[in-house]
Amino acid sequence: AGDGELDYETTTQHHVSLEVTDSGALGISLSGRANFVVEILDVNEPPSSINKILRVSENIDSGATIHTALDLIDEDVGQTFLYSGVGIATCQILDHDVNSDDDSCEWNTNMTVGDLLTVDAENGNFVVVDGSQFDYEDQLYYKILIRATDNGTPQQYSDSSVTILLEDYNEL
């Protein structure tokens, strides 16, 4: 939590002492003191999110695993989350900056993440469905939108962007 915010994961309660003094009539002031505890209630926060770049050879085989090492965390104690692929962008530009928000990638409505790869729900790793889709001469890179959904109530999620840069392989 940021400046001045109450955060259950940091402190579950705050002890407060309040003293009040009036200005008093005829110069006689009265005061009172109260001590109390403020209990912080836990709310479900979404998992963290990241942007990650992976380099993959264009000659990768169908069935190969791409280790993503997303390393997302959920601040809520004891919670787990599941990964899923929710979007894919195809990128065909030669002079590209994969870190730029201003790229010529297009979120593809004719292709799903599942057409290219499956996402392991427990660790976020990718398994290549169709290695022929990893062709440097046709696609320089893909952007995959990965969703991590926690098991809290209510469920929360975050989206991370994983860019897969295709590396050229010298075909003879």
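Residues numbered from 1 in each chain as written. Predicted model: local features only at pLDDT ≥ 70, side-chain atom pairs only at ≥ 80, totals over all residues. Heavy atoms only, no water.

Asker: Which parts of the structure should I look at to understand the overall build of the protein?
Answerer: Secondary structure summary: the protein contains one helix and 10 strands in total. Its C-alpha radius of gyration of 26 Å places the protein more than 25% over the 16 Å reference for a compact globule of 172 residues. Considering only C-alpha atoms, the protein reaches an extent of 100 × 35 × 25 Å along its principal axes. Residue burial in the protein is summarised as follows: out of 172 residues, 32% are buried. Considering only contacts in the protein between residues 6 or more positions apart, those separated by 24 or more positions represent 65%. As displayed, the protein has an accessible area near 10,900 Å², and 48% of this comes from carbon and sulfur atoms. Each charge sign in the protein was given a centre, from 5 positive and 33 negative side chains, and these centres are 6 Å apart. (Helix = DSSP H or I, 4+ residues; strand = E, 2+ residues; numbered from the N terminus. Rg over C-alpha atoms; globule rule 2.2 N^0.38 Å. Buried < 20%, exposed > 50% of the residue type's maximum accessible area, 1.4 Å probe, protein only. Contact = heavy atoms within 4.5 Å. Areas by Shrake-Rupley, 256 points an atom, 1.4 Å probe, with all protein chains shown as cover. Lys, Arg positive; Asp, Glu negative; His and termini not counted. Charge placed at Lys NZ, Arg CZ, Asp CG, Glu CD.)

Asker: Before we go on, may I ask you to explain a nonpolar patch on the surface in this structure?
Answerer: A surface patch of nonpolar side chains, about 320 Å² in accessible area, is lined by Leu18, Val20, Phe36 and Val38. Sorting the residues of the nonpolar patch by element identifies strand E1 (13-21) and strand E2 (31-39) as the ones contributing at least two each. (Patch = residues over 30% accessible without salt bridge, like charges linked within 9 Å, V, L, I, M, F, W, Y side chains within 5 Å. Salt bridge = Lys/Arg side-chain N within 4 Å of Asp/Glu carboxyl O.)

Asker: Would you take a moment to explain the sheet that holds strand E7 (residues 117-119) for this structure?
Answerer: Strand-to-strand pairing in sheets goes through backbone hydrogen bonds, with the strands running parallel or antiparallel. With antiparallel pairing, the three strands of this open sheet are ordered in space as E4-E8-E7. What marks the edges here is a single partner per strand, and that holds for strand E4 (65-66) and E7. Note: E7 against strand E8 (residues 126-128), three bridges, orientation antiparallel. From the neighbouring strand, Leu117 faces E8, where its bridge partner is Val128. (Pairing = 2+ DSSP bridges.)

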